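The chain contents come next:
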Amino acid sequence: MANYHITPTGAGAELLTKCMEGGKTLSFTSIQMGDGDAPNSDFSQVAALASVKKTLPVAAIARSGATVTCTAKLDYTEITEDFQWKEVGLIAKDPDTQTDVVFCYGNAGDQGDWITGGVAASAKNINISTIVSTEANVTAVIDNTKTYAMVDLTNVSDANLKTAVERSGALAAYAPLASPALTGTPTAPTADQGDSSTTIATTAFVNAAILRLIGAAPGALDTLEELANALGDDPNFATTVTNLIAEKAPLESPALTGTPTAPTPETGDSSTKIATTEFVSGAVETGSEYATMLDELEYETQLHGYIADRISKGGEIYVATPPAESELPHLGLKDNPFRTLQEAANYLPEDLHGKTAVIYVLSRIKTITAESTTVFSWAAPENAYQSDTVIENVRNGKVWIQYGELEINEAKDTWTVTEAEGDTRGKLGHIVCKHCDNVTLVNFQLGCNYSTEEHAQEGRYPAVTVTESSALYIYRCTVAEGDYAAAVDAGSGFYIAEDCSISNMTGAVMHTQAGARYGLPKPDRMSTLTLSGNAYFSIMEQYARFSSQPYYYFETYYNLDTATGRLTETQTKYYDADGREVDYATGSPVAASSG
């Protein structure tokens, strides 16, 4: 929590003096919270808060000598508009004019806490302590809807408490636990037959026991003589039987001795089976694993919430791959920056609520100290970000991913991302966009050959794949080698913005399905686009095989007029069910063609 530097005001001192000299009571009524800057650099001269955002009635008051502590309850569910809590004031009531007086005031400036409805805990206590004279009468106007049960029994002796309760007569209608003398018709639960413990025996239990003794005996054993004969006239029959039974364990509540064993239940069993030491050891280990999993899940949940809150407030996300664990910089995130672009993409919320999620992939960090000294505190290793990345399920907003250098100016307290040294592009692996409304890549070099992982798509190796109603934009990007720059499904789009260069494709600039979209710079900016070496566009359309046709789909190729941005059809290729190019008329395979 921020330090608000609570200071008594001059008006508060005058009110205290008035109350003491006039024998009147000093009454505190509320705590005010505001988002304004201090009206006066001398807090003792403040007469009112600059901008009151919330007035909390006093819920409790406590006094220790000359120190008075007032408590108010901040209910986050009542916050309708987020604000930065910069200033706070304890309000007292003038007994003569009944006007509010700022008794003490504090301001944390830009270090103040953010008050956000429904994000943090549901409520918290706000406590303000101030010094008054030990001779002053102090009270508070308590809002009963905001108070707590605050009964302090720490200084009450056991004897006094017992005496107070007995004198109240509250226990007169209750029986003692020891030797109660019950009256009326007391009842109790009827124990199961065969119970031989200190459990109360009801009349129903006794009658059932007698019936079991007499009524259940067969005709040959329903008299004492018959029983004596059956027992062999052994006057110690009970002892004999008892000795035999003593060597056996009862089925009910056995008290086993020695080293009893039992079958070990399966892991995860939750029944009345005996748990062996082997079972318990396994359960403890599994429990530890569960505890670790729960801790990790809690961390993941908190981090997801943190990233979503950061994006909603316009904050950036940083990706910095370190050359060594010890060289990982700290850039204001919950722990450290994300190590890969994939990690950052994994924590993007599914709904951006119209916001833009900005992800900076860093080449290095340049710090300008207060003494105007430039220090390069960290730099990413060569080819640090050449791993495949899948960005999926990010709707209702934009994802802006930019490669560059982070400049931290300590003198101006600014963070700025600029182009990397030498205007270099950050090399990425295969990029896949799924269910994403808008993803923009800035200052990157794309190429499927960078990744060590294979990512063939229907026999093709595109630098980017845009699918499932997604849109991908590239700006100031280069595709210098590879099979295809982009593979685009129907309903998705690939848009080439200014200052992009695509060359040396073994396939084409784009390989798309019918219904896919593409975008190019406006005519007056087409000069910033460089296309060379198989810089054509291909569109694939599928048809069912007919007996009269030797192919089942065809692919049309277009050249781009960089002056107008228009596509002109150049040729069409036909393929059989095995994907081999065939002659349209004969159906015979044709030699491989570059298009």
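Worth saying up front: this structure is predicted, and the values here are computed from it rather than measured.

**Q** An account of the overall build of the protein is needed here, citing residue identities and associated values.
**A** In terms of regular secondary structure, the protein is built from seven helices and 33 strands. Per-residue burial over the protein gives 37% buried out of 595 residues. Sequence separation of at least 24 residues holds for 63% of the intrachain contacts in the protein that already meet a minimum separation of 6. Counting only carbon and sulfur atoms, one obtains 51% of the accessible surface of the protein, whose full area is about 34,400 Å².

**Q** Hey, could you go over the pairing of strand β15 (residues 398-409) for me, with residue numbers and the actual values?
**A** For β15, a buried count of 10 out of 12 residues is recorded, marking the element as mostly surrounded by other parts of the structure. Pairing analysis gives 11 bridges linking strand β12 (residues 356-368) to β15, with the strands arranged parallel. If you follow V361 over to β15, its bridge partner there is Y403. The sheet contact formed by β15 and strand β19 (residues 439-442) spans four bridges and is parallel. Looking at the pairing, V399 lines up with V439 of β19. Of the pairings in the sheet, the one linking β15 to strand β16 (residues 414-418) comprises five bridges and is antiparallel in character. When the bridges of β16 are listed, E405 appears paired with T418. A loop of four residues connects β15 with β16, the two strands running antiparallel in sequence, and D413 in this loop sits at a positive phi of about 55°.

**Q** Outline empty space enclosed by the protein, supporting the account with residue identities and numerical values.
**A** Empty space among the atoms can be located by rolling a probe the size of a water molecule over them. Applying the stated criterion across every chain yields a total of one cavity of 30 Å³ or more. Here the largest cavity is characterised by a volume of approximately 50 Å³. In this structure, the largest cavity is lined by T321, R339, T340, L341, A384, Y385, S387, T389 and L428. When the residues that make up the lining of the largest cavity are grouped by side-chain class, the tally is four nonpolar, four polar and one charged.

**Q** Residues and numbers for the pattern of salt bridges, please.
**A** Taken as a whole and assessed by the stated rule, the structure comprises 16 salt bridges. The partner of K24 in a salt bridge is D96, with the nearest N and O atoms 2.3 Å apart. Note that K24 is positioned in the loop between α1 (10-21) and β2 (25-34) and D96 in the loop between β6 (87-93) and β7 (100-107), a separation of 72 residues in sequence. Since its relative accessible area comes to 44%, D96 is described here as partly exposed. Across the salt bridge formed by K366 and E407, the nearest N and O atoms sit 3.3 Å from each other. Taken together, the positions of K366 in strand β12 and E407 in strand β15 put the pair 41 residues apart, joining distant regions of the chain. The pair formed by K366 and E407 is uniform in burial state, with each residue classed as buried. Connected via shared salt-bridge partners are R364, K366, E405, E407 and E421.

**Q** Give me the packing of aromatic side chains: which residues, what numbers.
**A** Per the counting criterion, the structure on display carries nine aromatic pairs. With 5.2 Å between their ring centres and 90° between their planes, F28 and F103 make a pair best called edge-to-face. Of this pair, F28 sits in strand β2 while F103 sits in strand β7; the two residues are 75 residues apart in sequence, bridging distant segments of the chain. F103 shares its class with F28; the two are buried. The structure contains a cluster of three or more aromatic residues connected by ring pairs, namely Y318, Y360 and W415.

**Q** Tell me about the sheet that holds strand β23 (residues 478-479), and please be specific about residues and values.
**A** Ordered by their spatial adjacency, five strands build an open sheet running β17-β20-β23-β26-β29, and the pairing between neighbours is parallel. Among the strands making up the open sheet, the edge pair consists of β17 (426-427) and β29 (530-532). Pairing of β17 with strand β20 (residues 444-446) involves two bridges; the strand directions are parallel. In the sheet register, K427 faces β20, and the bridge partner there is Q445.

Definitions and limits used
Residues numbered from 1 in each chain as written. Predicted model: local features only at pLDDT ≥ 70, side-chain atom pairs only at ≥ 80, totals over all residues. Heavy atoms only, no water. Helix = DSSP H or I, 4+ residues; strand = E, 2+ residues; numbered from the N terminus. Buried < 20%, exposed > 50% of the residue type's maximum accessible area, 1.4 Å probe, protein only. Contact = heavy atoms within 4.5 Å. Areas by Shrake-Rupley, 256 points an atom, 1.4 Å probe, with all protein chains shown as cover. Pairing = 2+ DSSP bridges. 1 Å grid on protein atoms, 1.4 Å probe; cavity = no way out; pocket = protein on both sides within 12 Å on 5 of 7 lines; lining within 4 Å. Points joined across faces, edges and corners; volume = space filled by probe spheres on them. Nonpolar A, V, L, I, M, F, W, Y, C, P; charged D, E, K, R; others polar. Salt bridge = Lys/Arg side-chain N within 4 Å of Asp/Glu carboxyl O. Phe/Tyr/Trp six-rings, centres within 6.5 Å; stacked < 30°, edge-to-face > 60°.

Shape descriptors only; they carry no functional weight alone.
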